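Take a look at the letters that make up each chain.
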Amino acid sequence: MSPDAPQFAVVSVLREVKMVRAEGLVRLRDLHLPLLRRAVAPHSTAVTDAWPVEVEKLLRTAVSRLGGGDLQTAAEYTLGLAPGLRDRPAADRRRLAAKVYSVSVERFRKSQEEMVLGQIAEQVCWLAGTGAQVTAPPGLALLAPHLQHRSLRVGSVDVTLHVHPVELLRDVDVIVSPSNTHLALPEMFKASVSASLRRAGAVRDATGAVTEDPVHESLLDWRRRHGVLGRPALPGTVAPAEPGALAARGVRRIYHAAVTMPRPGTNDYDVTPQDVAAAAGRALALLSEEQGGFTPPLRSICFPLLGAGRGGLPPQTSVSALWAALAAGTAPDREVHLVVRRPLIADLVAEVLGASTGRPGQSPHAGEKGHRCG
């Protein structure tokens, strides 16, 4: 990076992207967008009167790098970049974007919209030549802050921390999916990790209609064979299943981890750090058991923050419980990955892991391009 390159923080760029979302492309010239204006020129003095056109081009390029699928489509609708939406009101664009995820407008505003706009902001930072600007907490080496992943050294273990929706993972052998003790998958239109993986693993026809539901069917078969079709499994149980269409992204197994216990008569769940640690340990053991049955052998595994969604476990508690198992059970030839949706949660994960080790290091993955990102 050139010493003259502009410095950008994702949070600051995100504020300007939100302004564009609210006001629309047709009002770009009326908005105060100093960071986006600087991002389209190597020096502030090079910004010309044509900057609105250049800023729009930058946003289009950033959105084009989101990897396709629902994320990119929702981003195009949200900013009015899709054909015919340039002058549509913000409310109309939000409604169209919400339909992409099959959620209400209010649910989209509170959840998916923040994720979509955050991903655009991170892409803008990357295109500006800096990547997301992150400060490493004391005791943790944070290296190569790439757009959609961060390479960490925690003690003697290298960890890749992904910052994007779980369905955008690629070339990771095993993804661990949090589940309730009934090992019952939510419907595809839900917003949870397990629903996202079920949706991403579905087989569709040329019109986009689902023709097969292999993630669900594979888990159903496992439950039938292990006698837990009509009763709950023990907390910490891990059920291996086929990845369905995710195989095209290099995913070879989904491990469904039973970590949340439904409270009878309510929509709430109970989860304990001990069950999270037990499930993580069992997932690592299952990886060792299954690795030889695949060519090449299974080697990499990715965990979301188990129990931190509907389970209600604080993210820092989930990270600590996960790491208790990962630090004790990770073999030298394993690749460990974590995935979160938001940069702020990624910062929290890095802070918790740094506080638990206090040992800086050097990641062998630093500087690699395109390392297991969506």
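In the block above lies the structure referred to throughout.
Residues numbered from 1 in each chain as written. Predicted model: local features only at pLDDT ≥ 70, side-chain atom pairs only at ≥ 80, totals over all residues. Heavy atoms only, no water.

Peer 1: Even after reading the chapter, I still don't get the overall build of the chain, so can you show me in this structure?
Peer 2: When its secondary structure is counted, the chain shows 12 helices and 11 strands. For the chain, the residues scored as buried account for 51% of the 374 residues in total. Counting contacts in the chain only where the partners sit at least 6 residues apart, residues at least 24 apart contribute 64% of the total. Here the chain displays about 16,400 Å² of accessible surface, and carbon together with sulfur accounts for 52% of that area. (Helix = DSSP H or I, 4+ residues; strand = E, 2+ residues; numbered from the N terminus. Buried < 20%, exposed > 50% of the residue type's maximum accessible area, 1.4 Å probe, protein only. Contact = heavy atoms within 4.5 Å. Areas by Shrake-Rupley, 256 points an atom, 1.4 Å probe, with all protein chains shown as cover.)

Peer 1: Would you take a moment to explain the environment of Arg282 for this structure?
Peer 2: Mapped onto the fold, Arg282 is located in helix H10 (residues 273–290). Judged by relative accessible area, which is 31%, Arg282 ranks as partly exposed. The contacts of Arg282, once residues within four sequence positions are left out, are Gly236, Val238 and Glu289.

Peer 1: Honestly, the packing of H10 against helix H11 (residues 315–329) in this entry has me stumped. Any pointers?
Peer 2: When two helices pack together, you describe them by how their axes are tilted relative to each other and by the distance separating the axes. Where H10 contacts H11, the two axes come as close as 8 Å, and the packing angle between them is 35°. The two elements H10 and H11 cross, and the hand of that crossing is right-handed. Contacts between H10 and H11 pair Pro273, Val276, Ala277, Ala280, Gly281 and Leu284 from the former with Thr317, Ser318, Ala321, Leu322, Ala325, Leu326 and Gly329 from the latter. Class assignment of the residues belonging to the contact of H10 with H11 gives a composition of nine nonpolar, four polar and no charged. (Axes fitted to C-alpha atoms, helices over the stretch in contact; angles between N-to-C directions. Left-handed = near helix turned anticlockwise from the far one by under 90°. Nonpolar A, V, L, I, M, F, W, Y, C, P; charged D, E, K, R; others polar.)

Peer 1: Is there a simple way to think about unusual backbone geometry in this case?
Peer 2: A negative phi holds for most residues other than glycine; trans holds for most peptide bonds. Cis geometry is found at the peptide bond from Thr295 to Pro296, where omega equals -5°. Within the fold, Pro296 resides in the loop between H10 and strand S10 (300–303). Phi at Leu183 takes a positive value of approximately 50°, unusual for a residue other than glycine. Along the chain, the position of Leu183 falls in the loop between strand S4 (174–180) and helix H8 (193–201).

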